[in-house]
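In case you want the letters, here they are:
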Amino acid sequence: MKTQLVVLGGGPGGYAAAFLAADLGMEVTLVDREPRLGGVCLLRGCIPSKALLHVAKGIAEAEHMADWGVEFKKPKIDVDRVRKQKEKVVATLAGGLGQLAKKRKVKVVRARATFADSNTLKLEAADDEPLDDDRIEFDHCILATGSRPAAVPGLDVDDDRVMNSSDALELPDVPGRLLVVGGGYIGLEMGTVYAALGSKVTVVEMTDGLLPGADRDLVRPLAKRLEKQFEGIYLDTRVTSLEAGGDAVRVTLDGEVDEKEQRFDRVLVSVGRRPNSDNLGLENTQVELDDRGFALADEKQRTADPAVLAIGDVAGEPMLAHKAAHQGKVAVEALAGEPAAFAPRAVPAVVFTDPEIAWAGVTETVAEREGREIKTAVFPWAASGRAQAVGRTEGLTKWVIDSATERVIGCGLVGYGAGDLIGEAVLAVEMGCAVRDVAETIHPHPTLSETLGTAAEVHLGTATDLYRPKRK
Ligand code: FAD
């Protein structure tokens, strides 16, 4: 088989690239070993996790209503129906992607592929169906093979009760006690789901705080709430051994924990992800990898091999679906000869816990580490009418401002629905807005989006919702 463009990987990076390329008139073949398009994001990542978090949110909101004098009975959870509903969401979206591919005449090939050389993929059947062809020759390939959960030596126990994020999203049952190894966003999101469904959740994190890398003032309100939702959060602690016995998984912890030996019904190991760049035959091409295995690509997503571009998780951090899709479009536009480049000022990140945390652009932590001259402007949600009206005042909105130019270069949010608020901040940072532009933009009242405007006013000293005594 011969094709102009082959896209290897049908995740949010790969399918976005394939669809845009077809729209621009290229002849496209999309190869994935999975029976459905969507990649990790749709099949075992963003979407199923958010569907389950939707259930967790419903349960938490019903409980929260007790503060307002409205009491619901304890929820009765039918795990099979929760699982079915989540699968329905995934199936609907995957079906939609299949249709979109068909309408665009993108040829979808289900196979496991490896590079024979810079212009040839070798195909191997991913199921019992024989393949029409066992090779594809191409002019260009967009490598979009994504990533997979990182395994930790010693913790990769071959037992159903020791799960990675894909297993946990299958929702095999609601364990009595669940240990989450890793306090990153995937561990905390899945911990939130299982805690809402009734598990006693313990999180172990080897660094001294949850969500390493995120600004501490954003993490604090979340950590405080999780301390109530979870049975335990152990920081500066490592799991040194996991042993799956008859009735429990026995875990040994090393850190400031009273009980070093504990038993859990299930364990979720979520300690990061690694790029799918091995076992791909990349050594038969000129593609270069960095020391973590990420494919090296320039701002047009071109690798060192003139025939191969790389996008998404396999092409480096941040490993997020919207970054993958954006890079996919840049790669295709670059192939089409357009002046495209992946050079964002802000890639948003959202942690869909309760409260949510979101940030974009330069964070305070990074600015401090890099010695950048910045100022921050913070608006506490306790002064927001909307936050008071929904009883969620623990949030805060923070702009990171370049001291010399007075432009907003980053934003951090924590609070109810923070993930939906960060979009405006991304636009402001991307457009190079001055902090005054944001302050002078009229935000609707009473909304949480107002806090973006009032935080900017805090910087200018014009915020009337807060009282700051004037310095003499
Ligand atoms: P992937 O989605 O990983 O897709 C790669 C595809 O390549 C796969 O379908 C795979 O089958 C295929 N493939 C790989 N090797 C081969 C081969 N040799 N032959 C054939 N096919 C191959 N991101 C967000 O932005 N927001 C979120 O809320 C979010 N939540 C997440 C929750 C979880 C639990 C997880 C695990 C991830 C989450 N992510 C989230 C991250 C997001 O899923 C990834 O960033 C995104 O899927 C990366 O897209 P991609 O196109 O690079 O690759």
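This section reports on the structure supplied with the text. (Residues numbered from 1 in each chain as written. Predicted model: local features only at pLDDT ≥ 70, side-chain atom pairs only at ≥ 80, totals over all residues. Heavy atoms only, no water.)

## Describing the site of the ligand
Phase 1 of the analysis: Taken together, 39 residues are adjacent to the ligand, and Gly 13, Asp 32, Lys 50, Asp 313 and Ala 321 come closest.
Phase 2 of the analysis: Backbone polar atom of Gly 13 to an oxygen atom of the ligand: 2.9 Å apart, as the coordinates give it.
Phase 3 of the analysis: One of the side-chain N or O atoms of Lys 50 is found 2.7 Å from an oxygen atom in the ligand.
Phase 4 of the analysis: When the ligand sits alone it has 1,000 Å² of accessible area, and the protein chains cover 96% of it. (Near = heavy atom within 4 Å. Polar contact = N/O pair within 3.5 Å; in protein donor to acceptor, adjacent residues only side chain to side chain. Areas by Shrake-Rupley, 256 points an atom, 1.4 Å probe, with all protein chains shown as cover.)

## Regarding the nonpolar core
Phase 1 of the analysis: If you look at the biggest cluster of nonpolar residues, it comprises 33 residues, and the most contacted ones within it are Leu 188, Val 201, Leu 211 and Ile 357.
Phase 2 of the analysis: Per-element tally for this core: the top contributor is helix α6 (residues 185–197), with six residues.
Phase 3 of the analysis: Contacts of Ile 357, omitting those with residues within four sequence positions, involve Leu 211, Leu 218, Val 219, Leu 222, Ala 349, Val 350, Val 351, Leu 413 and Val 414.
Phase 4 of the analysis: If you look at the next biggest cluster of nonpolar residues, it comprises 29 residues, including Ala 360, Val 426, Ala 455 and Ala 456. (Core = buried A, V, L, I, M, F, W, Y, C linked by side-chain atoms within 4.5 Å. Buried < 20%, exposed > 50% of the residue type's maximum accessible area, 1.4 Å probe, protein only. Helix = DSSP H or I, 4+ residues; strand = E, 2+ residues; numbered from the N terminus. Contact = heavy atoms within 4.5 Å.)

## Considerations on the pattern of salt bridges
Phase 1 of the analysis: Inspection of every chain in the model, using the stated rule, returns 23 salt bridges.
Phase 2 of the analysis: A salt bridge links Glu 243 to Arg 250; the shortest N-O distance between them is 3.4 Å.
Phase 3 of the analysis: Its relative accessible area of 33% is what places Arg 250 among the partly exposed residues.
Phase 4 of the analysis: Here Arg 392 and Glu 394 are joined by a salt bridge, their closest N and O atoms 2.6 Å apart.
Phase 5 of the analysis: According to the relative accessible area criterion, Glu 394 is partly exposed, its value standing at 26%.
Phase 6 of the analysis: If you follow the salt bridges from partner to partner, you end up with Asp 215, Asp 217, Glu 364 and Lys 398 in one network. (Salt bridge = Lys/Arg side-chain N within 4 Å of Asp/Glu carboxyl O.)

## Remarks on α6
Phase 1 of the analysis: Counted at 1.5 Å a residue, the expected span for α6 with its 13 residues is 18 Å, and the 18 Å between its end C-alpha atoms agrees.
Phase 2 of the analysis: If you check which residues of α6 are buried, you get Gly 187, Leu 188, Glu 189, Met 190, Gly 191, Thr 192, Val 193, Tyr 194, Ala 195 and Leu 197.
Phase 3 of the analysis: Gly 198 occupies a position one or two residues after α6 and carries a positive phi of about 125°. (Expected span 1.5 Å × (residues − 1).)

## Considerations on the packing of aromatic side chains
Phase 1 of the analysis: One pass over the structure, following the stated rule, counts two aromatic pairs.
Phase 2 of the analysis: Pairing Tyr 15 with Phe 19 gives two aromatic rings, centres 5.7 Å apart and planes at 45°, and the pair type is tilted. Taken together, the positions of Tyr 15 and Phe 19, both in helix α1 (residues 12–23) and four residues apart, correspond to about one turn of that helix.
Phase 3 of the analysis: Residue classification places Tyr 15 among the partly exposed positions, given a relative accessible area of 22%.
Phase 4 of the analysis: Between Phe 115 and Phe 138 the ring centres are 6.4 Å apart and the planes differ by 85°, which places this aromatic pair in the edge-to-face class. Here Phe 115 is found in strand β3 (residues 107–117), whereas its partner Phe 138 is found in strand β5 (residues 135–143), with 23 residues between them in sequence.
Phase 5 of the analysis: According to the relative accessible area criterion, Phe 115 is buried, its value standing at 1%. (Phe/Tyr/Trp six-rings, centres within 6.5 Å; stacked < 30°, edge-to-face > 60°.)

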